[in-house]
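Residue-level listing of the chains:
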Amino acid sequence: QVQLVESGGGLVQAGGSLRLVCAASGIIFRSKSMGWYRQGPGKQREWVAGITSGGSINYADSVKGRFTISRDNAKNTVYLQMNSLKPEDTAVYSCGTSINGANYWGQGTQVTVSS
């Protein structure tokens with residue numbers, strides 16, 4: 001079955017950096033677009049960044065210039081490098097994909113940015 005497992009979250013001061021990792025299994029990873037999402041306290045899940053199977057990349061305006069998404073198809077892994085973190089980036093970050101119209105997300109990893 002589809003499994004997405006995130007890691008790399010933690011507590012960091014404002015201005016710091018973190019690198020999130022999402023390991024995928026149960027899918028033909030190289031053929032799938034992948035995305036990072038986040039859900040802050042009391043907020044709905046929002047899309048953060050996406051990368052297609054062909055390597056095209058897009059970012060939400062709120063993270064553009066600070067976050068970088070990348071993928072390693074040999075390792076079935078997608079990354080999110082987060083720099084210049086702000087307190088408003090505090091959230092549970094999840095990776096996700098869509099297969100045959102169904103959406104899948106991992107359990108998420110907590111990112112907390114202190115001011």
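Quantities reported herein were computed from a predicted structural model and do not represent experimental measurements. (Residues numbered from 1 in each chain as written. Predicted model: local features only at pLDDT ≥ 70, side-chain atom pairs only at ≥ 80, totals over all residues. Heavy atoms only, no water.)

Engineer: Would you explain the sheet that holds strand S8 (residues 77-82) in this entry?
Structural biologist: Whether parallel or antiparallel, the strands of a sheet pair through hydrogen bonds between backbone atoms. What the four strands build is an open sheet, ordered S1-S3-S8-S7; its pairing is antiparallel. One side of each edge strand has no neighbouring strand; the edge strands of this open sheet are strand S1 (3-7) and strand S7 (67-72). Strand after strand, the sheet turns through a mean of 15° between neighbouring axes, direction not considered. Two elements, S1 and strand S3 (residues 18-25), share five bridges in a ladder whose sense is antiparallel. From the neighbouring strand, Leu4 faces S3, where its bridge partner is Ala24. (Pairing = 2+ DSSP bridges. Helix = DSSP H or I, 4+ residues; strand = E, 2+ residues; numbered from the N terminus. Axes fitted to C-alpha atoms, helices over the stretch in contact; angles between N-to-C directions.)

Engineer: What exactly am I supposed to notice about the packing of aromatic side chains here?
Structural biologist: Geometrically, a pair of aromatic rings is defined through the distance of the ring centres and the angle of the planes. Applying the stated criterion to the full structure yields one aromatic pair. The ring centre of Tyr79 lies 4.1 Å from the NZ or CZ of Arg19, which sits over that ring. Its guanidinium or amino end placed over the ring of Phe29, Arg71 lies 4.5 Å from that ring's centre, counting from NZ or CZ. (Phe/Tyr/Trp six-rings, centres within 6.5 Å; stacked < 30°, edge-to-face > 60°. Lys NZ or Arg CZ within 6 Å of the ring centre and 35° of its normal.)

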